[in-house]
Amino acid sequence: MRHMLKLVTLEWYAKRAFIPILRGIVQNLLFKSSATPPLIGKHVRLIYRKKISLGKLVYFGDYCFINAYSEKGITIGNRVTIREFGYIQCSSSPRNPGKGLEIGNNVYIGPRSNLGVGGEITIGNECLIGADFTVVSENHEFSDSGVSSTQVVRKGISIGQRCWIGHRVTILDGVTIGDNSIIGAGSVVTKSFPAGSRIVGVPAK
């Protein structure tokens, strides 16, 4: 029984640790720069890897998709976790790249996050972000005649340090969130808030 338990434990470590590390070592050869190989889950897709710069102990969960084609690329700090099914899209067309994404140190982003990086997005150090998080850093101009499909506005989004963002929060283009702020679950943030804010609602107040 003890022998079987040891085998199960070794198999668990092989699946949970060794295999992601091995994937990271292989992928690391293709990154722009990385202090140590990242931990990479299964079926992770990284496009334009040379525009991704990584710190230490970065983890991409299973089925993450990252398209880094943008003016400034993607910079990810130390000890950052992007959980399963994370989706980062910096460009939908080679003719119109986004600005870029910067994530600080000690950041956790929950499963099924969706980051649309048209304008520049920055996420400060030590942020904790729940599942189903969405940021969209661009918008279409509109008038009385309707929405323009060609005129796009990209103001960007900035999230300060040590922010706590709940489950299923959406942040729209042009928003700045100050340091040490908390955003309640399910909120849709359409305007900026200063440091230390407690934010909740649709639209958030």
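As shown above, the structure is provided for reference.
Reading the values: rules and limits
- Once a new chain begins, its residue numbering starts again from 1 and follows that chain's sequence as written.
- The model is predicted, so local features are restricted to residues of pLDDT at least 70 and side-chain atom pairs to those at 80 or more, both for listing and for counting; the totals for chains, interfaces and linings are taken over all residues.
- Side-chain numbers here rest on the full set of heavy atoms in the structure, without hydrogens or water.
- A pairing counts as a salt bridge when a side-chain nitrogen of Lys or Arg comes within 4 Å of a carboxyl oxygen of Asp or Glu.
- Strands are runs of DSSP state E lasting at least two residues, helices are runs of H or I lasting at least four, and both sets are numbered from the N terminus onward.
- Burial classes follow relative accessibility: with a 1.4 Å probe on protein chains only, a residue under 20% of its type's maximum area counts as buried, one over 50% as exposed, and anything between as partly exposed.
- Strand pairing is assigned whenever DSSP identifies at least 2 bridges connecting the two strands.
- By nonpolar core we mean a set of buried residues, namely Ala, Val, Leu, Ile, Met, Phe, Trp, Tyr and Cys, connected to one another through side-chain atoms within 4.5 Å.
- Here a residue-residue contact requires only that any non-hydrogen atoms of the pair lie within 4.5 Å.

Enquirer: What exactly am I supposed to notice about the pattern of salt bridges here?
Expert: When their charged atoms lie close together, side chains carrying opposite charge are able to pair. Scanning the model with the defined rule gives six salt bridges in all. Lys-99 serves as the salt-bridge partner of Glu-71, at 3.4 Å between the closest nitrogen and oxygen. Placement of Glu-71 in the loop between β6 (65-67) and β7 (74-76) and of Lys-99 in the loop between β9 (87-89) and β10 (101-103) is noted, with a sequence separation of 28 residues between them. Residue Glu-71 is classed as partly exposed on the basis of its relative accessible area, which comes to 48%. Here the residues in one salt-bridge network are Arg-112, Asp-132 and Arg-168, joined through shared partners.

Enquirer: What is the right way to look at the sheet that holds strand β22 (residues 182-183) in this model?
Expert: Strand pairing in a sheet relies on backbone hydrogen bonds, with the paired strands running either antiparallel or parallel. Spatially, eight strands are ordered β2-β5-β8-β11-β14-β19-β22-β24 in an open sheet, and the strand pairing comes out parallel. The open sheet terminates on both sides in strands that have one partner only, identified here as β2 (39-40) and β24 (198-199). Note: strand β11 (residues 108-109) against strand β14 (residues 128-129), two bridges, orientation parallel. Bridging from a neighbouring strand, Tyr-108 pairs with Leu-128 of β14.

Enquirer: How should the environment of Pro-94 be read in this particular structure?
Expert: Mapped onto the elements, Pro-94 comes out in the loop between β9 and β10. Along the chain, Pro-94 and Tyr-69 lie 25 residues apart, while their C-alpha atoms are 7.7 Å from each other.

Enquirer: Mind showing me how you'd approach the nonpolar core here?
Expert: In globular proteins that are soluble, nonpolar side chains generally tend to be buried together. Residues Phe-60, Ile-123, Ile-171 and Val-189 are the most contacted members of the largest nonpolar core, which totals 41 residues. Contacts of Phe-60, omitting those with residues within four sequence positions, involve Pro-38, Leu-39, Ile-40, Gly-41, Val-44, Leu-54, Ile-66, Ile-76 and Ile-82.

Enquirer: Explain the side chain of Glu-84 here, please?
Expert: Topologically, Glu-84 is positioned in the loop between β8 (81-82) and β9. Residues in contact with Glu-84, not counting those within four places in the same chain, are Tyr-59, Gly-61, Asp-62, Pro-111 and Arg-112.

Enquirer: Got a minute to help me understand the sheet that holds strand β20 (residues 170-172) in this structure?
Expert: With parallel pairing, the seven strands of this open sheet are ordered in space as β3-β6-β9-β12-β15-β20-β23. Sheet topology places β3 (45-47) and β23 (188-189) at the edges, where each strand pairs with a single neighbour. Sheet analysis places β20 next to β23, joined by two bridges and oriented parallel. When the bridges of β23 are listed, Ile-171 appears paired with Val-189.

These results come straight from atomic positions and should not be treated as a statement about function.
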